[in-house]
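Examining the three-dimensional arrangement
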There are 2 protein chains.
Amino acid sequence: MPVPKGSTIDPDRTRATILQAATRVLYERGLDGIGVAELCTRIGISKETLYRHFDTKDGLVEAVLEARSERTTRWLAEAAANAGDDPRDQLTAVFAALQQWYDEPDFRGCAMVNAATQHHVAAVRALTKRHLERYLDLLTGIASRAGAADPALLGRQLLILLEGATVVADHQDPVRAGEHARDAALALLSVATRTRAQG
Amino acid sequence: MPVPKGSTIDPDRTRATILQAATRVLYERGLDGIGVAELCTRIGISKETLYRHFDTKDGLVEAVLEARSERTTRWLAEAAANAGDDPRDQLTAVFAALQQWYDEPDFRGCAMVNAATQHHVAAVRALTKRHLERYLDLLTGIASRAGAADPALLGRQLLILLEGATVVADHQDPVRAGEHARDAALALLSVATRTRAQG
DNA sequence: TCAACGTCGAACCGATCGGTACGATCTTTG
DNA sequence: CAAAGATCGTACCGATCGGTTCGACGTTGA
């Protein structure tokens, strides 16, 4: 039975559904850990439908990663924005959000870094690099508003803490990884701002 | 020509050669980024020889990772040991060694973390977890000898910096990633020891 | 009403995968 | 010298891969 009798046909909605479901499944199983056939059954569509909306599996992967990068960047930025104006509170909120993520049962590390590690393709590596630079912008902004002596340096150290905590949470132990990184981040921020107005 | 006329036959040496060459190639291409056939031609052996020494590709992978984990742990431990008795110098030496690694043209991130990310297999994830805990022991030891208030906490923060710097160097920019992580590590160590003897 | 379009399920394609088998050739061991 | 073992090159196996095609059937829009 090709099209369920009485269902609505909406290509845009279908595409969005594919993107959303594929994001979840590809993150859980890894980009090369699941074939197109099984992926389609998990999504609940046929291969023909998938290939109507995306040229190739790699095309789907890139669309998934692009959407995910924007979504998670927005998620972190909002966590910071909702924490008020104090850069210290913003930093605390960012790492608190990360810790919540680490505690989720299906946490599997940073999807973008995982993708670049799994799929040795230039386009994916470029997407991941851009993703990390979005994070870097966010963190450097916080460092700058905090009055750090060298905001670019502190921003990069915060990025190292963020990605390091994610790796450690994924591969060693998720318990308190975000909190430990947060404590380190706040300590670095204190040191970086001590020579200025306040500590 | 099966066996080169005049060459010596030494199974142990053959196995060691396979292990060494496979370590390099699998790191460069990724665990699933190269097939057994091409792997064998790159190593310079036949498939029959490979399967005489290793039961399966996964078995080879595990042997490679096991050896690599021991080798790199020893490498970092020696870098620390050769730096003298001052924990600050040891930490500096560790991150200096990392920066040298990041600057190598064929640097591709932490092989153990990459393996666990690429190969969704329990055995590989377990090897990676043990690997990170070896690093953690090394760093916690330095934190402890430095007189940190909470050596376990500082050790874990140093592990986060180490793996974070590796990820950032791989996926964002290798330039100065190790040095930035080193500066952060020394700052954290100063803060953690300030309440004690010295700062 | 009717043509265009979206979707399904299944069959199918060539390529590649991990792994095995075999005969030939050389070394090692007794 | 002879038997056993190591290695090679190649062919081969079944399974799976990404991707295409096709007929059937339903919806959408002119």
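Going by the structure above, here's the rest.
A brief report on the enclosed structure follows. (Residues numbered from 1 in each chain as written. Chains lettered and ligands numbered in written order. Predicted model: local features only at pLDDT ≥ 70, side-chain atom pairs only at ≥ 80, totals over all residues.)

As for the overall build of chain A
Across its full length, chain A carries nine helices and zero strands. Relative to its 199 residues, chain A shows a buried fraction of 40%. In chain A, the share of contacts with a sequence separation of at least 24, taken over all contacts with a separation of at least 6, comes to 61%. (Helix = DSSP H or I, 4+ residues; strand = E, 2+ residues; numbered from the N terminus. Buried ≥ 20, exposed ≤ 12 C-beta atoms within 10 Å, placed from the backbone. Contact = placed C-beta atoms within 7 Å.)

Focus: the interface of chain A and chain B
If you look at the interface, chain A gives 34 residues, while chain B gives 34 residues. Listed by contribution, the elements that provide at least two residues to the side of chain A that touches chain B are helix 6 (111-118), helix 7 (122-145), helix 8 (151-171) and helix 9 (177-194) of chain A. Broken down by element, the side of chain A that touches chain B gets its largest block of residues, 12 residues, from helix 8 of chain A. Its residues placed into classes, the side of chain A that touches chain B shows 15 nonpolar, 13 polar and six charged. (Nonpolar A, V, L, I, M, F, W, Y, C, P; charged D, E, K, R; others polar.)

Some words on the packing of helix 8 of chain A against helix 8 (residues 151-171) of chain B
At their nearest, the axes of helix 8 of chain A and helix 8 of chain B sit 7 Å apart, and the two run at 105° to each other. Our classification of the angle between helix 8 of chain A and helix 8 of chain B gives roughly perpendicular. Where helix 8 of chain A abuts helix 8 of chain B, its residues Leu159, Ile160, Leu161, Glu163, Gly164, Ala165, Val167 and Val168 of chain A lie against Leu159, Ile160, Leu161, Glu163, Gly164, Ala165, Val167 and Val168 of chain B. For the contact of helix 8 of chain A with helix 8 of chain B, a count of residues per class yields 12 nonpolar, two polar and two charged. (Axes fitted to C-alpha atoms, helices over the stretch in contact; angles between N-to-C directions. Parallel < 35°, antiparallel > 145°, perpendicular 65-115°, else oblique.)

Thoughts on the relation of the copies chain A and chain B
Take chain A, turn it by 180°, move it 0.0 Å along the axis, and it overlays chain B with an RMSD of 0.0 Å. Both chain copies can therefore be described as sitting about a two-fold axis. Of every C-alpha in chain A, the one belonging to Gly164 of chain A sits nearest the axis of rotation, 1.7 Å from it. (Least-squares fit on C-alpha atoms with pLDDT ≥ 70 in both.)

As for the nonpolar core
Counting residues in each nonpolar core, the largest one holds 103 residues, and the members touching the most others are Leu161 of chain A together with Leu161 of chain B. Leaving out residues up to four positions away in the same chain, Leu161 of chain A has contacts with Ala181, Ala184 and Ala185 of chain A together with Ile160, Leu161 and Gly164 of chain B. (Core = buried A, V, L, I, M, F, W, Y, C linked by C-beta atoms within 7 Å.)

Things to note about unusual backbone geometry
Backbone geometry at Arg176 of chain A places phi at a positive 65°, although glycine is not the residue there. Note that Arg176 of chain A resides in the loop between helix 8 and helix 9.

Details of the packing of helix 4 (residues 57-81) of chain B against helix 5 (residues 87-103) of chain B
Residue and element names in this part refer to chain B. The interhelical angle for the contact between helix 4 and helix 5, taken along N-to-C directions, is 135°, at an axis separation of 7 Å. What the angle tells us is that helix 4 and helix 5 run oblique. For the pair helix 4 and helix 5, the sense of crossing is right-handed. Between helix 4, through Leu76, Ala79 and Ala80, and helix 5, the contact on the second element is made entirely by Gln90, Ala93, Val94 and Ala97. Tallied by class, the residues present in the contact of helix 4 with helix 5 amount to six nonpolar, one polar and no charged. (Left-handed = near helix turned anticlockwise from the far one by under 90°.)

Topic: helix 8 of chain A
An ideal rise of 1.5 Å per residue puts 30 Å on 21 residues; helix 8 of chain A measures up with 30 Å between its terminal C-alpha atoms. The element helix 8 of chain A is largely enclosed, with a buried count of 18 among its 21 residues. (Expected span 1.5 Å × (residues − 1).)

Things to note about the environment of Ala185 of chain B
Residue and element names in this part refer to chain B. Within the secondary structure, Ala185 sits in helix 9 (residues 177-194). Separated by 58 residues in sequence, Ala185 and Leu127 have C-alpha atoms that sit 26 Å apart. What Ala185 contacts, discounting residues up to four positions off in sequence, is Leu91, Phe95, Leu158 and Leu161.

A look at helix 6 (residues 111-118) of chain B
An α-helical segment advances 3.6 residues per turn. Residues three or four places apart therefore align on the same side. In terms of burial, helix 6 of chain B is a largely internal element, seven of the eight residues being buried. What helix 6 of chain B keeps buried is the set Met112, Val113, Asn114, Ala115, Ala116, Thr117 and Gln118 of chain B.

Overview of the environment of Ala169 of chain A
All names here are of chain A. For Ala169, the position within the fold is in helix 8. For the pair Ala169 and Gly84, spaced 85 residues apart in sequence, the C-alpha to C-alpha distance is 27 Å. Setting aside residues up to four positions removed in sequence, Ala169 forms contacts with Tyr102, Pro174 and Ala177.

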